[in-house]
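Structural features, examined
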Amino acid sequence: MRTDVDSLLREIAVRLRPRMDELVDTLVTSMREEVPSVWAHDDLTHLARLAAQQHVETVLVNLERGFDISGIRAPKAAIDFARRLAEHGGQITGLLRAYRIAHRTALGMVREEAAHLITDPELRDTVTLALVEGSFDYFDLTSQQAVAAFQHARDHRLQRRLMVVNEASRRIGTSLDIALTARELTEVGTEHLADCVTVDLVDAVLREEGPAPAQDALVLRRIAQHSVLEGCPETLLPPGSTHSLMRGSDPADALATGRPLRHRITSAEAPAWLADSEAHRPYSDDAGVHSMLLIPLWARGSPLGIAQFFRHRDAAPFDDDDLFLAQEIASRAAVYIDNARMYTQERATALTLQRSLLPNTIPRHGAVETAVRYRPSGARAGVGGDWYDVIPLSGARMALVIGDVVGRGLYASATMGRLRTAVRTLADIDLMPDELLTHLDDVVIRMQHEEGQGLDEISATCLYAVYDPVARNCSLASAGHALPAVAPATPDGCPTDPRPVHFADAPIGPPLGLGGLPFETAQFDLPEGSLLALFTDGLIESPGRDLDRGLATLRDVLARAGSSLEDTCDRLLDSLLPSRPADDVALLLARTHALGADHVSTLELPSDPSTVSRARAHATAQLAAWNLDDLAFGTELVVSELVTNAIRYGREPISLRMILQSTLTCEVADASGTSPHLRRARTYDEGGRGLFLVAQTAENWGTRYTRDGKVIWAEQLLPNAS
């Protein structure tokens with residue numbers, strides 16, 4: 001019986017072989033009808049027909065050999081088909097359904113042939129049973145091998161996707177630079193997914209105008225592009241240029257809705273918007289682009305722009321898996337781009353605020369020649385709270401201030417502005433440096449309490465120095481701030497010889513905001529022509545350089561400083577700062593000048609009312625010597641009132657000092673700590689009009705307290721002053 005069955009199976013195979021093409025067509029037709037997803041890709045269509053041919057050939061060969069399927073292997077085309085189906089993102093259920101349809105169709109055709117060939121019912125049933133058993137065994141074995149190949153390809157695809165996503169996470173968003181982040185997206189995209197990638201951002205978003213306005217055309221700016229071809233010849237748009245998207249076009253709809261799109265591009269099926277777009281026409285016309293992805297860049301619920309992926313060298317079109325991968329990479333990049341955009345906007349705002357709070361112009365003053373620099377940090381933390389100031393004081397003196405608020409961003413800049421205003425206010429009442437810092441410390445503590453911040457939340461350092469060109473000395477106090485560098489005047493005849501540079505010898509008090517700790521004022525002589533360098537720690541400290549090395553470089557540059565303070569500032573920044581400093585930097589250079597004896601006149605006075613006339617006569621004679629006779633009347637009035645007040649309400653010693661610089665200053669000093677106050681005298685009051693007359697005559701007037709008493713001063717503009 002077995003011999004008859006084997007011979008009949010061979011006969012069936014011989015009879016079916018001439019009809020092989022018919023069998024293949026029947027299998028392909030049934031699978032096309034039952035499993036349409038398999039035919040969505042050209043390469044799968046080709047492999048499906050080839051796999052059907054090889055399956056039919058294998059079955060016929062086995063029928064001719066007695067249908068022994070032990071050790072049988074699935075045809076190569078069938079394995080390739082399973083792998084490609086997995087690579088295209090197909091489902092394993094589609095693969096198994098294709099095998100079931102093929103099994104059912106092929107078995108029906110073979111049984112039909114057996115029914116025509118065999119007339120004996122018993123033998124026909126035996127042959128049919130053998131065919132059923134053999135076919136099930138065959139399709140079980142081959143489908144298992146195909147499923148294994150599918151799963152291996154699917155795992156490889158998922159692993160590849162995970163690797164690409166991980167690499168994108170590692171390579172995209174390495175900085176807070178919009179253009180660099182977009183360029184990183186294009187580079188990753190061309191390495192793993194496409195032949196050309198472009199990134200366009202909405203121009204209104206880049207210009208901080210919020211959402212794009214409702215217009216007929218949407219303006220985008222090309223931020224980055226990258227291609228597998230050198231020079232990116234696929235596009236005519238260079239980075240930085242703008243182009244428009246018409247409302248209602250596919251890219252505009254994708255950007256508005258946040259839904260990605262995939263396009264096949266052929267000469268017969270090119271989208272209308274692509275043919276009409278000057279920005280995109282070269283892609284399809286010249287580069288041979290056949291497939292593209294439009295991936296909207298959205299972050300935090302708002303559209304930023306669109307990334308476009310093109311293929312022209314890779315023959316395979318984009319599939320759903322490619323679309324999903326591109327969307328995942330682009331979504332990550334969109335968050336990084338938005339972070340960079342917000343950082344750029346906040347940094348620009350903070351920098352604008354910072355610069356607006358710093359002095360716009362440095363006052364010209366005969367006591368010192370100054371040059372300043374502010375350099376924001378290049379770090380992600382943003383703009384800091386470094387500041388400087390130059391404040392003219394009474395008696396031809398000049399206050400030099402430099403400070404650093406702890407922290408970064410808008411809050412640090414705003415805090416800096418509040419502290420700078422407080423310093424100017426305190427400087428106006430002519431406090432000693434240590435007293436000024438004590439009051440400034442109280443200001444910071446009040447800010448902490450008002451804003452509910454801890455002691456470490458609001459903190460700052462500050463150095464306050466006062467240079468007196470008459471006494472040729474400098475008084476300073478430090479609240480946790482680095483002491484200034486001092487370079488002596490250039491020796492006569494040796495302008496190029498290096499000078500010894502040292503740092504001021506003074507105690508450094510605690511930073512502002514701690515409270516309860518004292519500050520000390522140190523005083524030292526500064527000969528005419530000395531160079532004073534005030535700086536913040538960002539100038540001398542950096543992650544790749546220790547503090548001692550920074551201080552040494554600072555000394556070397558100052559030791560060879562020339563006559564130009566501007567050039568010295570530039571040399572210091574070039575020598576000490578990297579291209580992107582980790583901290584912001586404030587630098588203030590001051591070269592001292594002195595007022596000679598011909599610009600200062602001093603007269604000691606006894607506490608006797610008769611000396612008032614002597615003081616007036618002295619003032620008149622001095623004005624004549626300075627060719628300022630036009631100021632004689634007003635000066636006599638000021639001197640008379642100030643000396644009278646000192647005699648009546650003050651204590652000896654009393655002195656009158658006149659200083660000629662950019663203004664004429666009259667100062668009367670006494671040993672009393674009490675100060676007269678300006679008040680409005682009533683009609684029958686005998687006194688109270690003296691300081692009122694001084695205030696009307698002088699340009700400025702005020703009281704300065706010293707360790708030994710007080711000084712009341714009044715300034716008048718010179719006749720030729722603008």
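Residues numbered from 1 in each chain as written. Predicted model: local features only at pLDDT ≥ 70, side-chain atom pairs only at ≥ 80, totals over all residues. Heavy atoms only, no water.

**Points about unusual backbone geometry**
The following threshold applies: In this description a helix means any DSSP run of H or I spanning at least four residues, a strand means any run of E spanning at least two, and both kinds are numbered starting from the N terminus. Burial here depends on accessible area, computed with a 1.4 Å probe over protein chains only, as a share of the maximum for the residue type. Under 20% is buried, over 50% is exposed, and the range in between is partly exposed.
Across the junction of Glu652 and Pro653, the peptide omega takes the value 0 degrees, indicating a cis bond. With respect to the element layout, Pro653 can be found in the loop between helix H18 (632–649) and strand E19 (654–660). Positive phi is not limited to glycine here, since Arg300 has a value of about 55 degrees. Assessed through its relative accessible area of 53%, Arg300 is described here as exposed. Of note in this structure, Asn627 is not a glycine but carries a positive phi near 60 degrees. Mapped onto the elements of the fold, Asn627 is located in the loop between helix H17 (611–625) and H18.

**Re the nonpolar core**
Just so we agree on the cut-off: What is meant by a nonpolar core is a set of buried Ala, Val, Leu, Ile, Met, Phe, Trp, Tyr and Cys residues, joined one to another through side-chain atoms within 4.5 Å. By definition, residues are in contact when any of their heavy atoms lie within 4.5 Å.
Grouped together as the largest cluster of nonpolar side chains are 57 residues, with contacts concentrated most on Trp387, Leu419, Leu437, Leu440, Tyr464 and Leu476. Dropping the residues within four chain positions of it, Leu476 is found in contact with Pro433, Leu463, Tyr464, Ala465, Leu483, Pro484, Ala504, Ala506, Glu520, Thr521, Ala522 and Phe524.

**So, the pairing of strand E11 (residues 473–479)**
As a reminder of what qualifies: When DSSP locates at least two bridges between a pair of strands, those strands are taken to pair.
The element E11 is extensively covered by neighbouring structure, given that 7 of its 7 residues are classed as buried. Along E11, one buried face is formed by Asn473, Ser475, Ala477 and Ala479 and the opposite face, lined by Cys474, Leu476 and Ser478, is buried too. Note that strand E10 (residues 460–468) and E11 share 7 bridges and pair antiparallel. Bridging from a neighbouring strand, Tyr464 pairs with Ala477 of E11. Linking E10 to E11, which pair antiparallel, is a turn of 4 residues; within it Arg472 sits at a positive phi near 55 degrees. The pairing of E11 with strand E15 (residues 522–525) spans 4 bridges and is classified as antiparallel. Paired with Cys474 across the strands is Phe524, a residue of E15.

**Remarks on the sheet that holds strand E18 (residues 600–605)**
Stated formally: To define axes, lines are fitted to C-alpha atoms, for helices over the stretch in contact only, and angles between the resulting N-to-C directions are given on a 0 to 180 degree scale.
The strand order E18-E19-E20-E22-E21 describes an open sheet built from 5 strands, whose pairing is antiparallel. Both edges of this open sheet fall to E18 and strand E21 (700–706), since each of them pairs with a single strand only. With direction set aside, neighbouring strand axes in the sheet form an average angle of 15 degrees. Of the strand pairs in this sheet, E19 and strand E20 (residues 663–670) are connected by 6 bridges, and their pairing is antiparallel. Following the sheet pairing, Ile659 is matched in E20 by Thr665. Contacts between H17 and the sheet are confined to E18, E19 and E20, with E18 contributing the most and set at about 170 degrees to the helix. Each of E18, E19, E20 and strand E22 (709–717) touches H18; the most contacted strand, E20, lies at about 15 degrees to it.

**Notes on the environment of Asp386**
Applicable threshold: Polar contact is defined as a pair of N or O atoms within 3.5 Å, subject to the rule that within protein one atom must be able to donate a hydrogen and the other to accept it, and that residues adjacent in sequence are counted only when both atoms are side-chain atoms.
Relative to the assigned elements, Asp386 resides in strand E8 (residues 385–392). Residue Asp386 is classed as buried on the basis of its relative accessible area of 0%. For the pair Asp386 and Val585, spaced 199 residues apart in the sequence, the C-alpha separation amounts to 6.5 Å. Excluding residues within four positions of it along the chain, Asp386 makes contact with Gln354, Leu358, Tyr374, Gly403, Asp404, Met416, Thr536, Asp584, Val585 and Ala586. A distance of 2.8 Å separates a polar atom in the side chain of Asp386 from a polar atom in the side chain of Thr536.

**Concerning the confidence of the model for the protein chain**
Note the following rule: Here pLDDT means the predictor's own confidence in every residue, given as a number from 0 to 100.
Taken over all residues, the pLDDT of the protein chain has a mean of 82, while the share at 70 or more is 87%. Per-residue pLDDT stays below 50 along residues 683–687; that stretch engages in 4 contacts with residues further than four places along the chain or on separate chains.

**Describing empty space enclosed by the protein**
Operational definition: Lining residues are defined by having an atom within 4 Å of a point belonging to a cavity or pocket. Those points lie on a 1 Å grid over the protein atoms alone, cavities being sets where a 1.4 Å probe fits but cannot get out and pockets being open sets with protein on both sides within 12 Å along at least five of seven lines. Grid points are joined across faces, edges and corners, and a volume is the space filled by probe spheres set on the points. Polar here means any residue outside two lists: the nonpolar Ala, Val, Leu, Ile, Met, Phe, Trp, Tyr, Cys and Pro, and the charged Asp, Glu, Lys and Arg; Gly therefore counts as polar.
A full pass over the atoms with the stated rule returns 3 cavities of 30 Å³ or more. There is about 60 Å³ of room inside the second largest cavity. Elements supplying a minimum of two residues to the lining of the second largest cavity: H18, E20 and E22. At 4 residues, the largest contribution of residues to the lining of the second largest cavity is made by H18. Looking at the lining of the second largest cavity residue by residue, the classes come out as 6 nonpolar, 3 polar and 2 charged.

**Points about the sheet that holds strand E7 (residues 368–375)**
With respect to topology, 5 strands assemble into an open sheet ordered E7-E17-E16-E12-E13, the strand pairing being antiparallel. A single partner strand is all that each edge strand has here, and the edge strands are E7 and strand E13 (502–503). Inspection of the sheet shows strand E12 (residues 485–487) paired to strand E16 (residues 531–535) by 3 bridges, in the antiparallel sense. If you follow Val486 over to E16, its bridge partner there is Leu532. Sitting on the sheet, helix H16 (residues 565–576) is in contact with E7, E16 and strand E17 (585–592), with an inclination near 30 degrees to E7.

**Some remarks on the pattern of salt bridges**
Cut-off, in case you're wondering: Only one rule defines a salt bridge in this text: a Lys or Arg side-chain nitrogen within 4 Å of an Asp or Glu carboxyl oxygen.
In this structure the tally under the stated criterion is 24 salt bridges. A salt bridge links Arg707 to Asp434; its shortest N-O distance comes to 3.3 Å. Of the two residues, Arg707 sits in the loop between E21 and E22 while Asp434 sits in helix H14 (residues 433–451), which places them 273 residues apart along the sequence. Within the structure, one salt-bridge network assembled from shared partners comprises Lys76, Asp80 and Arg83.

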